[in-house]
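Listed here are the chains, written in short residue letters.
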Amino acid sequence: MTPETTTMEARAQTAPDGRLIERLTSLSRKHRYDAYTRFDWPAPDAIARDVLWCDEDLLTTHGTELHETLPREALIALSRFECVNFFSLNVHGIKDALAFVMGAIYEERYAQWSEYLHFFIAEENAHMWFFAKFCLDYEGKIYPTPAIPAGRVEDPLERDLYMFASTLIFEEFVDFYNHKVSRNRAVPAILREINHQHHVDESRHISFGRDVVSMLHAQILAADGDGAARERVRRTVERIFLHFIGQMYNPRAYEDAGLVAATGLASAAAIRNRLRNDPARRGHHHQWFKRTADFFVRQGILTDTAFLDR
C-alpha cells in the first residue's frame, strides 16, 4: 500500500458518506407525515389498562424468580409504568439531541449533513411530541432522568462523539423495543402505531448516527498521538452503554406499579438493585444492546462486549 493510498483511505474514513446523505434526505422527503394528525388518540379513560402495554419479555422483571411471584395484575401495572419510563427516556434523549444538533447544524464539520439535519430535527421533534403526549394523557407524568455520564470533555470532537454515540446507542435499543411492540396485536392500538411509526423513522436516524460516529471516531484517532484518546473514548462509551441499561430499571416505575407491596421488598430502590444485578437479566442486556456494541467493536471504539455483563 502506498502512502498516497493510505492518505486517501484515511480521508474517506473521516468524511461523511455522500451517497448515504442523499439517500436519507430523499427518504425523509418521501415519507414525511403530519405527526399531529397521524394517530387516532383514544380518550384517557378509554385506553385499555387491563392488558400488557408491551411484550412480557420486555419487562425488567422477566426471567427472574421475582417475576414468577408477581400476579398478572402486577405485571400489567408494571408494563404501563415501564412504558412511561421508556417513553420518558425518549423524551429526554430527544430533547438533548435536538439542543445539540441545532447548535451544530451549520458547523463546517456537518456542512454536508446540514440539509438532512433539518429533516432529522423535524422528525425528532414529532417523536418527542407523541411520546410526551402519551405519557401525559394516559399516566399524567414524564419521569425525570439523570444526565449521560460523559464527564467533563475538553475536546470538541470527543464531545460530539459522545453525544452522537449516546443517541445511537439508545436509538438502536429503542428500535428493538419499537419493532417488537409494533407487531404485538394484544397491546392497545395507539401503542402499536406509535412504536411502528418510530421504528420506521429511526431506521434512517440509525444509519445517520452510525456514519457520524464512524467519522468522528476516525477524526479523533487521526489526532491521537499516544493512544490516550482511544482509551478515554473506550471507557466513556462503555459507561454510556451501562448508563442506558441502568435507566431501564426505574424505581419510580416500580413504586407507581405497586411492586413494593407485591414483592414484600423494603423499597422500590431495593427492587431496582435486585433486578439490575440479577444474573438472569444479563441475557436480556445482551439482547437489547449487543448488536450495537458489536458495531462499536467493529469500528475499533470498543475492544469487546464483555462489559455488558456488569
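So, how was this worked out
- Residues numbered from 1 in each chain as written.
- Predicted model: local features only at pLDDT ≥ 70, side-chain atom pairs only at ≥ 80, totals over all residues.
- Heavy atoms only, no water.
- Helix = DSSP H or I, 4+ residues; strand = E, 2+ residues; numbered from the N terminus.
- Rg over C-alpha atoms; globule rule 2.2 N^0.38 Å.
- Buried < 20%, exposed > 50% of the residue type's maximum accessible area, 1.4 Å probe, protein only.
- Lys, Arg positive; Asp, Glu negative; His and termini not counted.
- Charge placed at Lys NZ, Arg CZ, Asp CG, Glu CD.
- Expected span 1.5 Å × (residues − 1).
- Axes fitted to C-alpha atoms, helices over the stretch in contact; angles between N-to-C directions.
- Parallel < 35°, antiparallel > 145°, perpendicular 65-115°, else oblique.
- Left-handed = near helix turned anticlockwise from the far one by under 90°.
- Contact = heavy atoms within 4.5 Å.
- Nonpolar A, V, L, I, M, F, W, Y, C, P; charged D, E, K, R; others polar.
- pLDDT = per-residue confidence, 0-100.

## Regarding the overall build of the chain
Each helix and strand in the chain was counted, giving 13 helices and 0 strands. Ordered by position from N to C terminus, the α and β elements of the chain give α-α-α-α-α-α-α-α-α-α-α-α-α. Rg of the C-alpha trace for the chain: 20 Å, near the compact-globule value of 19 Å for 310 residues, within the 12% margin. Along the longest, intermediate and shortest principal axes, the C-alpha atoms of the chain span 65 × 45 × 30 Å. Relative to its full complement of 310 residues, the chain shows a buried share of 52%. When the 37 basic and 44 acidic side-chain charges of the chain are each reduced to a single mean position, those positions are 1 Å apart.

## Notes on helix 6 (residues 114–138)
Spanning 25 residues, helix 6 covers 36 Å between terminal C-alpha atoms, matching the ideal 36 Å at 1.5 Å per step. Remark: G140 follows helix 6 within two positions and exhibits a positive phi of approximately 70°.

## Examining the packing of helix 5 (residues 72–104) against helix 8 (residues 189–222)
One way to put it is that helix 5 packs onto helix 8 with a least axis distance of 14 Å and a crossing angle of 30°. In terms of their interaxial angle, helix 5 and helix 8 are classed as roughly parallel. Every pair of crossing elements has a handedness; the one defined by helix 5 and helix 8 is left-handed. Contacts between helix 5 and helix 8 pair C83, F86, F87 and N90 from the former with L191, I194, N195 and H198 from the latter. Considering only residue class, the contact of helix 5 with helix 8 consists of 5 nonpolar, 3 polar and no charged.

## Quick word on the confidence of the model for the chain
Looking at the chain as a whole, the pLDDT averages 93, with 96% of positions reaching at least 70. Counting interchain partners and residues more than four positions distant, the pLDDT-below-50 stretch residues 1–12 has 2 contacts.

## Side note on the side chain of E238
Tracing the backbone through its elements, the reader meets E238 in helix 9 (residues 228–247). Judged by its relative accessible area of 6%, E238 is buried.

## Quick notes on the environment of A186
Locating A186 in the fold gives a position in the loop between helix 7 (156–182) and helix 8. Distance in space between the C-alpha atoms of A186 and D55 is 8.7 Å, their sequence separation being 131 residues. Other than its neighbours up to four places away in sequence, A186 contacts V51 and L52.

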